[in-house]
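Below, each chain spelled out in residue letters.
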Amino acid sequence: MSGQPPAVVHGQWTSFVGRREEVAELRRLIGDNRLVMLTGPGGVGKTRLAGQVMDQVMRAFGDGVVFVGLAELRDDALLATLVADRLGLHDQSDRPTLQSVLEFLRERRILLVLDNCEHLVEACAAFAFAVIADCPEVVVLATGRQSLGVAGERILPLAPLEISGDAVNLFVDRARAVAPAFERTADNEADLRRIAERLDGLPLAIELAAARIRSLSPGQIAKRLSSRLTLLTSGARTAPERQQTLRDTIEWSFELCSPAEQAVWAQASVFAGTFDINAAAAVCAGPDVDGDVLDIIDGLLDKSVLQREDGADRVRYRMLETLREYGRERLAERGDEERVARRHRDWFDQLTATADAEWVSPKQVEWAARLRADHANIRAALGWSLAHPGEAGVALRMACRLDEYWAEVRGLSAEAQLWLDRALAAAPADHPNRPFAVTVAALYSMWLTKLDDTDERLTVAAELAAASDDDVLDGYITYVRARESMLRLRAGTAALAGSAAATFRRHGIIRRELPSLLTQGISTAYEGDPEAARRALHRMLSLATHVGAACQQATAYFGLLIVEVRFGGDVDAATRYGQEALRLDLQVGAQAAVTYRIDALAWVADRQGNHLRAATLFGIAATKWDAIGYVPEVAASVPHRKYLKSTREALGDARFDRAFAIGRAMAEDAAIRYALDEHAEDVADPDELSPLSKREVEIAELVAKGMTNRQIATRLVISLRTVDTHVRNTLTKLDFTSRAQIAAWAASRYHRSAG
């Protein structure tokens, strides 16, 4: 089990108002049930309530709280992939993604939040059922407009806000956000109540109305709502009354927008997830958008149609799903849906082309962050292309790009291969990208360790390439075959990789020469020529440094570390190589690579005779291997097993286990500083340290006295659930599996202190 919980992927964009009873009830249901479904109409505040409760119950879930927003997902086949991505898991084998997710969750205490399930009800129901059946410590909280229909599901219908209390308070809070001078007074109290009544206490409707406070008084807003809703509800309606009210409010907000704002609202609804101003300008600009798109976006932000999110280097925008649905309706009414969706696809086709061209450059770190932020839009663009006749060729060329991003930075080889296979099936048989696409698909099979599949795809690629007389394509096929050969530990791998590297060098294609040099260098070392290996890897490092490609620099340093550690080289140099690789991978955000680097630094420490440091680093790496879903004995294979065994033998089981536990429980920032030798106090002798909090030590000592959890709860005057959580956390931090191990640990700690 992991000692570090997964990161919470969720953000509250505005303050939370009211809902005390609902918060308490939802917390109770989460505490007592495995699957809780929060239902209600669009705009009633399901996501906001779920987010508020997530923050409050986080401490009860020792392995984390994870938010999975489904509004951005339009393909139910990718549900498990999206969950895996939010959990931080990376592809590592040919196992189905759902199986990997279930295996990761099986022994963890996690609250998994599935938000906006209504358009994926069947897929969400099947997924939730699988999790509940297979992962006894996981609680699933889902939100949507209807229940999932899964056995054991507890449903909490969310009603609108109470009119005279929370509804008015919400209006006042949001009004002050746009007009800080606004005050609630005796004079406007009646108007505020009328607004809340006319809007049926629906939070989204109230927020949209409050956004008008800069230009209208509460009385004017109340008057307009009264006449507007009376007019709109006079005809026959089939929707529930509260949904009518919300729709009417959205329509009123839409009609109060300028024609240009209306056009941008409708056109921006094609985005999945978030988008930036450049994408908005490209997709939304046109004859019906009079004026600068940025000014129009500002207007939609003022009217609460868009939400602003501050990224690391740029502002992005998000549209709430209810408003997005309305925008798509208006876009369809105008007969403009296909044109705008095509512009969306074309923008992300061009964006991925530019990213692909600039990947091996000083812009690599920036592109990694940008592609991560736009991943949902890239999925949407691929999906649209595959769903429209004649467009599969665009999907094929998009899916061929950025294999390093998909596989090495994001760990999404299975998803990338899925898009490629769909595009290959839909594109014309004579499409010019087909030979290269099949080769890239083979590369993803290699990353997934599906080596027989890799071999079959390479055979097909070679047959297709034979007719093209393309030297570069032949070199790429040779490179992928060399990577496969290295995994199979075959003789002759270095010659294959060297041939590929020479081909790319001849054509001046540095991007493809770099990984060929890595394969050549490592395989050359294992074939008995470490000096030649160093030459290949130093060339790789020099080229990567020259072009400013952080990922490739890190990989070159890692290759050099392997040569120095495994073949009797300079272990002090290996330390520098490993730490420099780690710094670079942290910049890019490549979590799998970060894990490899820390594990490798443990190998170096063992070679240096610094066994306590090695054991602590192995513990840090163990937490990270768990977090990305990798098995180190497979991923890092021979060196991991060799140096782990050596470290344990040097320290003995007891000292190794204590140092390992310290590393396993170390906080993220402290762990990175420790690996980089940047935090002296982290290097204290693990014999003298405990990874547990004072309360956890206290409970461990009571466990050692033979007390049950219920007896401990009575003794300490805390809840049984709190004791359960502390015991689970202790098992995790010490990497134990039983209470007997906790008791033995506490007893040995007592004897050491007494002595």
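Residues numbered from 1 in each chain as written. Predicted model: local features only at pLDDT ≥ 70, side-chain atom pairs only at ≥ 80, totals over all residues. Heavy atoms only, no water.

J.: Quick one: what's the story with the overall build of the protein chain, residue by residue and with numbers?
T.: Looking only at helices and strands, the protein chain features 38 helices and 8 strands. Taking 755 residues into account, the globule formula puts the C-alpha radius of gyration at 27 Å, and the protein chain, at 29 Å, falls close to it. With the C-alpha coordinates aligned to their principal axes, the bounding extent of the protein chain is approximately 85 × 75 × 45 Å. In the protein chain, which comprises 755 residues, the share counted as buried stands at 56%. The long-range share in the protein chain, meaning contacts at least 24 apart out of those at least 6 apart in sequence, stands at 72%. Per element, the accessible surface of the protein chain, about 30300 Å² overall, is 51% carbon and sulfur. (Helix = DSSP H or I, 4+ residues; strand = E, 2+ residues; numbered from the N terminus. Rg over C-alpha atoms; globule rule 2.2 N^0.38 Å. Buried < 20%, exposed > 50% of the residue type's maximum accessible area, 1.4 Å probe, protein only. Contact = heavy atoms within 4.5 Å. Areas by Shrake-Rupley, 256 points an atom, 1.4 Å probe, with all protein chains shown as cover.)

J.: Summarise the packing of helix 22 (residues 451–465) against helix 23 (residues 471–487); cite the residues concerned and give the values.
T.: At their nearest, the axes of helix 22 and helix 23 sit 10 Å apart, and the two run at 165° to each other. Regarding the angle of helix 22 to helix 23, the classification is roughly antiparallel. The interaxial crossing formed by helix 22 with helix 23 has left-handed handedness. Here Leu-451, Thr-454, Asp-455, Leu-458, Thr-459, Ala-461, Ala-462 and Ala-465 of helix 22 lie close against helix 23, whose contacting residues are Leu-473, Asp-474, Ile-477, Val-480, Arg-481, Glu-484 and Leu-487. Split into classes, the residues belonging to the contact of helix 22 with helix 23 amount to 9 nonpolar, 2 polar and 4 charged. (Axes fitted to C-alpha atoms, helices over the stretch in contact; angles between N-to-C directions. Parallel < 35°, antiparallel > 145°, perpendicular 65-115°, else oblique. Left-handed = near helix turned anticlockwise from the far one by under 90°. Nonpolar A, V, L, I, M, F, W, Y, C, P; charged D, E, K, R; others polar.)

J.: Mind laying out the environment of Leu-49, listing which residues take part and the relevant values?
T.: Counting through the fold element by element, Leu-49 comes out in helix 2 (residues 46–57). On a C-alpha basis, the gap between Leu-49 and Tyr-643 in space is 48 Å, while along the polypeptide they are 594 residues apart. In this structure Leu-49 touches Phe-16, Arg-19, Glu-22, Val-23, Leu-26, Leu-38 and Leu-158, once residues within four positions along its chain are discounted.

J.: Any chance you could break down unusual backbone geometry for me, citing the residues and the numbers?
T.: A positive phi angle, near 60°, is found at Thr-449, a position not held by glycine. Structurally, the position occupied by Thr-449 is in the loop between helix 21 (434–447) and helix 22. Non-glycine residue Leu-489 carries a positive phi angle of around 60°. Residue position: Leu-489 is located in the loop between helix 23 and helix 24 (493–506). Of the residues examined, Leu-489 reaches a relative accessible area of 74% and is grouped as exposed.

J.: Describe the packing of aromatic side chains, naming the residues involved and giving the relevant values.
T.: Under the counting rule described, the total for this entry stands at 16 aromatic pairs. Ring geometry for Phe-271 against Phe-348: centres 6.5 Å apart, planes inclined by 85°, an arrangement best described as edge-to-face. Placement of Phe-271 in the loop between helix 11 (259–268) and strand 6 (274–276) and of Phe-348 in helix 15 (residues 337–358) is noted, with a sequence separation of 77 residues between them. Grouping residues by exposure puts Phe-271 and Phe-348 together as buried. The interplanar angle of 50° and the centroid separation of 5.9 Å between the aromatic rings of Phe-275 and Tyr-317 together place this pair among those described as tilted. Of this pair, Phe-275 sits in strand 6 while Tyr-317 is found in strand 8 (residues 315–319), placing the two residues 42 residues apart along the sequence. Summarising the burial analysis for this pair, Phe-275 and Tyr-317 share the class buried. The ring of Trp-447 carries Arg-483 above its face, with NZ or CZ at 5.1 Å from the centroid. Its guanidinium or amino end placed over the ring of Tyr-674, Arg-613 lies 4.8 Å from that ring's centre, counting from NZ or CZ. (Phe/Tyr/Trp six-rings, centres within 6.5 Å; stacked < 30°, edge-to-face > 60°. Lys NZ or Arg CZ within 6 Å of the ring centre and 35° of its normal.)

J.: I'd like to hear about the sheet that holds strand 8, residue by residue, with values.
T.: Strand order across the open sheet formed by 3 strands is 6-8-7, with antiparallel pairing between neighbours. The open sheet is flanked by strand 6 and strand 7 (306–310), the only strands paired with a single partner. Here the strands of the sheet are splayed against their neighbours by 35° on average, with no regard to which way each runs. Of the strand pairs in this sheet, strand 7 and strand 8 are connected by 5 bridges, and their pairing is antiparallel. Bridge assignment links Arg-308 to a residue of strand 8, and that residue is Tyr-317. (Pairing = 2+ DSSP bridges.)

J.: Explain helix 6 (residues 163–178) to me, using residue names and the numbers behind them.
T.: Between the first and last C-alpha of helix 6 there are 22 Å, a value that for 16 residues agrees with the 22 Å anticipated at 1.5 Å per step. Gly-165, Ala-167, Val-168, Leu-170, Phe-171, Val-172, Arg-174 and Ala-175 are the residues of helix 6 that are buried. (Expected span 1.5 Å × (residues − 1).)

J.: Tell me about the packing of helix 11 against helix 13 (residues 293–302), and please be specific about residues and values.
T.: Two elements in contact, helix 11 and helix 13, have axes whose closest approach is 9 Å; the angle formed by their N-to-C orientations is 85°. Considering the angle they form, helix 11 stands roughly perpendicular to helix 13. The residues of helix 13 that touch helix 11, namely those facing Ala-260, Glu-261, Val-264 and Trp-265, are Ile-296, Ile-297, Gly-299 and Leu-300. Tallied by class, residues from the contact of helix 11 with helix 13 come to 6 nonpolar, 1 polar and 1 charged.

J.: Account for the pairing of strand 4 (residues 139–144), naming residues and giving values.
T.: Most of strand 4 is tucked away: 6 of the 6 residues are buried. Along strand 4, one buried face is formed by Val-139, Leu-141 and Thr-143 and the opposite face, lined by Val-140, Ala-142 and Gly-144, is buried too. As judged from the 5 bridges shared by strand 1 (residues 35–39) and strand 4, these two strands associate in the parallel manner. Bridging from a neighbouring strand, Leu-35 pairs with Val-140 of strand 4. Looking at chain direction, strand 3 (residues 111–115) and strand 4 are connected through 4 bridges and run parallel. In the sheet register, Leu-112 faces strand 4, and the bridge partner there is Val-140. In this region the chain leaves strand 3, passes through helix 5 (residues 121–134) and returns to the parallel neighbour strand 4; the handedness of that crossover is right-handed. (Right-handed = clockwise from strand over helix to strand, strands pointing away.)

J.: How would you sum up the sheet that holds strand 2 (residues 65–69)? Please name residues and give values.
T.: Here we have 5 strands laid out as an open sheet, ordered 2-3-4-1-5, and parallel in their pairing. Of all the strands in the sheet, just strand 2 and strand 5 (154–157) have a single pairing partner and so form its edges. Across the sheet, the mean angle separating the axes of adjacent strands is 15° when strand polarity is ignored.

J.: Account for the pattern of salt bridges, with residues named and values stated.
T.: Tallying each qualifying case throughout the model produces 60 salt bridges. For Asp-276, the salt bridge goes to Arg-314, with nearest N and O atoms at 3.1 Å. Of the two residues, Asp-276 is situated in strand 6 and Arg-314 in the loop between strand 7 and strand 8; the sequence distance between them amounts to 38 residues. Note that Asp-336 is salt-bridged to Arg-339, the shortest N-O span being 2.7 Å. (Salt bridge = Lys/Arg side-chain N within 4 Å of Asp/Glu carboxyl O.)

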